[in-house]
Every structure is written in structure tokens, then in C-alpha cells.
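Residue-level structural notes
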Amino acid sequence: METTTKKLSSAELMELENKYGAHNYHPLEVVLAKGEGVYVWDVEGKRYFDFLSAYSAVNQGHCHPGLVEAINKQAATLNLTSRAFYNDQLGVYEKFVSQYFGFDKVLPMNTGAEGVETAIKICRKWAYEKKGVSKDQAKIIVCGENFHGRTVTIISFSSDPDARGSFGPYTPGFVSIPYNNIDALREALNADSENIAGFLVEPIQGEAGVNVPDDGFLSKAYDLCRQHNVLFIGDEIQTGIARTGKMLALDYDNVKPDILILGKALSGGMYPVAAVMANNEIMDVIKPGQHGSTYGGNPMACAVAMKALKIVREEQLADNAYNLGLLFRERMNVLVEKSDLVSKVRGKGLLNAILINDTPESSTAMDICKALAKNGLLAKPTHGNIIRFAPPLVMNQQQLNECCSIIENTILNFNKK
Ligand SMILES: *Cc1c(COP(=O)(O)O)cnc(C)c1O
């Protein structure tokens, strides 16, 4: 065994990941060793603005002192009981989170994908027991270019060949329609009204490149679901918890989903915490033994999630994201006018993307991200030629302006290969 305390360099640490870790990611070549608020530092001590926030998990900022305190306190007290016994955190958290989002009940899980799986199971069981769908006939409508996680069932209804290919056989029972197409949803519902159990949708498609649907799409979709007695399932794992400038992105459309799925920022990046929420007539279809998770609802998760949600309210992160988002898009729109390299900026709150004027196959967006990193700002391309910008929501206006300047200077001085 190696016993040396010599600090490894970035190159050495990357080599370790490369050699001993499965190659299921393609990271930017930066090795992070420390985080605080909107900043992260690499092993060599260089400071960066984090413009990814771990895919919107770190909305409350890196190592938020309140969260560090909450997790340390609970870690030293009680960690895991399993759900075989009650614990003194779970009920308190369940009441808190249910009232926070206005639902009767919550089903606690760990990761986002588990949350989505949970929602699918609840929806199917509801279909058989409440809607009267015949055995094994329940279908859930999903949208093209969706991202809901990585389990076999979830990738079964992905349209991304990398996510889906070579992982069959696939789970049946899903119907895919184009995103943001209300006529396609109406047709799919009309075609099989009695068997459709749910409509699973991201209010903004984050992974697909921050696809913002037309105003009214989500509320019309919700009304159609009502007409057909179909559950509207909102996946707000990425868009929720103040990211888009409201507590939930669905708040823009005044839509309250029948089932709400949260994850990521529910713990402010401290710990994997996910939640599925619904009212009693839906949630009560789940009975003991029918679903669960060893770590789901553990005391650490409960303590951390409660604190993470309190921080969002206390620090008014939704309003901050809303206001900084307006500023960000305003400056980026000026950049779109000035540079041939950027063709568009879109998003809501602090979930935004710029479209790079090149093919998705080109390395231009990745090369821009490398240049941004050099200039002290971390972001990653999604879908080839789109760069997502999602900083922690604890950013202030001065920092945002500094970041906009970094992006502008990088783009305006960028020489395409
Ligand atoms: C990240 C994400 C998931 C999956 O969450 P994991 O914690 O990675 O399993 C699901 N849906 C959306 C919209 C996401 O952004």
C-alpha cells in the first residue's frame, strides 16, 4: 500500500480516474479540490466560477456553511436506521417538505433516477387501481429528447442513441411525442385515452440544451391530462428549487403537477436526496412492501434537505435567479449581435444556454469551454454545440457581471480551429 502523503498533481489524478474508473464520462480536464459559494479551486490552486453547479445540484453554493453544519451535526448523531424503524428526523422532514411544496405526502428516495422510477410505479399502480386500466396495459406519454436518468426503464424511453443503444431489451409501456407539441399530445391522448396513465415532462429540458417550451404549452398539457384522467408528472429534478427564477419552473404556468419529482438541489449538493410528492388519492396506492430504499428518508438526508430548502427561502434564491437571469440574457443577447460564433441565448432564471454557430459534431463548443476554463469559468457543452450556463444561485450581481465579461472576452477572442 502507498503510504506517502505527497500531493498528487492534476495530471496524476486524471490518470488514476482514467486507469481505474469506468469511462462513462468525458470530463473537462480540470481536477477540483475545493469549493466555496460560487467558486471552485483545482488541485494547483487556480480558482474558477462554477457555471454548471453539478447539473443544478449546488444551487445553494458550494459548502454552504448552514449545510455543512446540518450534515456534520446529524452525522455525529444518527445516520441510518433503515425504514424498518421510525426515526426522529423523517416525520419532521416529511411534514416540512410536503407543506413547502403543497402536497399531502412525500415518498423519499436518494437519486433523481430513483425518483423518476418511483413516480412511474405510483402512476402505473394508480392507473390500475383508480383509473381502471386493464392489467399491464398502462402507458405513459414522454417527450422526445427527454432526460430522466439512467436506469433500464428510463433509458427505454430515451431518444438519445448513446443513452439507449445496446442496453435492451427495453421496458414497454411508453409513448413518445415531440416536446412542446400540444397537438401531438392531444392526438396521443385521443388515440388511447383509456390506457394512458400519465404524462411525464421536464418543464424545461435541461440536458437537451435548455429547451424552453412555448408559453402555455405546459398549462394546456395539464388541462388535456385533466380531460383524459391522466396524471401530469413534473420532473423538476434540474429545473426545481429556484433554478429557473421560481421555486418550481411549473410555477410560471401556474401548473401544480399531480406528481412532482425533485432531486439534485434538494440537498444543495451535500448528499443524494430525492423526493416524489403527490396528494393522498394518488400516493396512498403505495402500501407497505411495494416500494422502498434502504437509504431513502435516512436522518442525514432529512436534516440536510430541510436545511437546503430553508436556505432557498431565507436567501431568496428564486428572486435572485430571476433577476440575474434577466441580466445574463441581456448581456448575452448583445454578444449574439457582436459575434458570429454565438447564434442564440435562451433560458429562464439561471438555467441558460448559448447556441454555438457550428455543427453538433464539431469540437467548437468543447474548445470554447476549454478556453473558458483557462479564463476561470467552468461550463460544459450539452448536445454538441450548446453550452449550458447554470451558476450557483448565491451569486451576486457583481460576480455575474464579471462572469459575463469572461464569457464575452473568451468568445470574442476565440479562434476556431
Ligand atoms: C439529473 C436528472 C435526472 C436524474 O437524476 P440522477 O440523480 O442523476 O439520477 C432526472 N431528470 C432530470 C430532469 C435530471 O436533470
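Thresholds applied
- Residues numbered from 1 in each chain as written.
- Predicted model: local features only at pLDDT ≥ 70, side-chain atom pairs only at ≥ 80, totals over all residues.
- Heavy atoms only, no water.
- Near = heavy atom within 4 Å.
- Polar contact = N/O pair within 3.5 Å; in protein donor to acceptor, adjacent residues only side chain to side chain.
- Areas by Shrake-Rupley, 256 points an atom, 1.4 Å probe, with all protein chains shown as cover.
- Nonpolar A, V, L, I, M, F, W, Y, C, P; charged D, E, K, R; others polar.
- 1 Å grid on protein atoms, 1.4 Å probe; cavity = no way out; pocket = protein on both sides within 12 Å on 5 of 7 lines; lining within 4 Å.
- Points joined across faces, edges and corners; volume = space filled by probe spheres on them.
- Pairing = 2+ DSSP bridges.
- Helix = DSSP H or I, 4+ residues; strand = E, 2+ residues; numbered from the N terminus.
- Contact = heavy atoms within 4.5 Å.
- Axes fitted to C-alpha atoms, helices over the stretch in contact; angles between N-to-C directions.
- Phe/Tyr/Trp six-rings, centres within 6.5 Å; stacked < 30°, edge-to-face > 60°.
- Buried < 20%, exposed > 50% of the residue type's maximum accessible area, 1.4 Å probe, protein only.

1. Side note on the site of the ligand
Residues in contact with the ligand, as listed here, are Thr111, Gly112, Ala113, Phe147, His148, Gly149, Glu202, Asp235, Ile237, Gln238 and Lys264. For the ligand, an oxygen atom lies 2.8 Å from a polar atom in the backbone of Ala113. In the environment of the ligand, a nitrogen atom lies 3.3 Å from a nitrogen or oxygen atom belonging to the backbone of Phe147. Contact with the protein chains hides 81% of the accessible area of the ligand, taken as 380 Å² for the molecule alone. Among the residues forming the shell around the ligand, the class breakdown is 3 nonpolar, 5 polar and 3 charged.

2. Considerations on empty space enclosed by the protein
The method is simple in principle: a probe with the dimensions of a water molecule rolls over the atoms, and the space it marks as empty is what remains. Across all of its chains, the model carries 1 cavity of 30 Å³ or more by this definition. Here the largest cavity is characterised by a volume of approximately 80 Å³. Around the largest cavity sit Pro203, Ile204, Pro213, Asp214, Asp215, Gly216, Phe217, Leu218, Ala249, Tyr252, Asp253 and Lys348, which together line it. When grouped by side-chain class, the residues that make up the lining of the largest cavity number 7 nonpolar, 1 polar and 4 charged.

3. Some words on the sheet that holds strand β13 (residues 377–378)
Sheet architecture is open: 4 strands sit in the order β1-β2-β3-β13, paired in mixed fashion. Because the sheet does not close on itself, it has two edges, and the strands there are β1 (32–36) and β13. In this sheet, strand β2 (residues 39–42) lies alongside β1 in antiparallel orientation, the contact comprising 4 bridges. Looking at β2, one finds that Lys34 is bridged to Trp41. Contacts between helix α14 (residues 397–412) and the sheet are confined to β2, β3 (47–50) and β13, with β3 contributing the most and set at about 100° to the helix.

4. Some details on the packing of aromatic side chains
Inspection of every chain in the model, using the stated rule, returns 11 aromatic pairs. Considering the side-chain rings of Phe51 and Phe328, the 6.4 Å spacing of their centres and the 40° angle between planes classify their relative orientation as tilted. In this pair, Phe51 is assigned in the loop between β3 and α2 (53–56) and Phe328 in helix α12 (residues 317–338), connecting sequence segments 277 residues apart. The burial state of Phe51 is the same as that of Phe328; both residues are buried.

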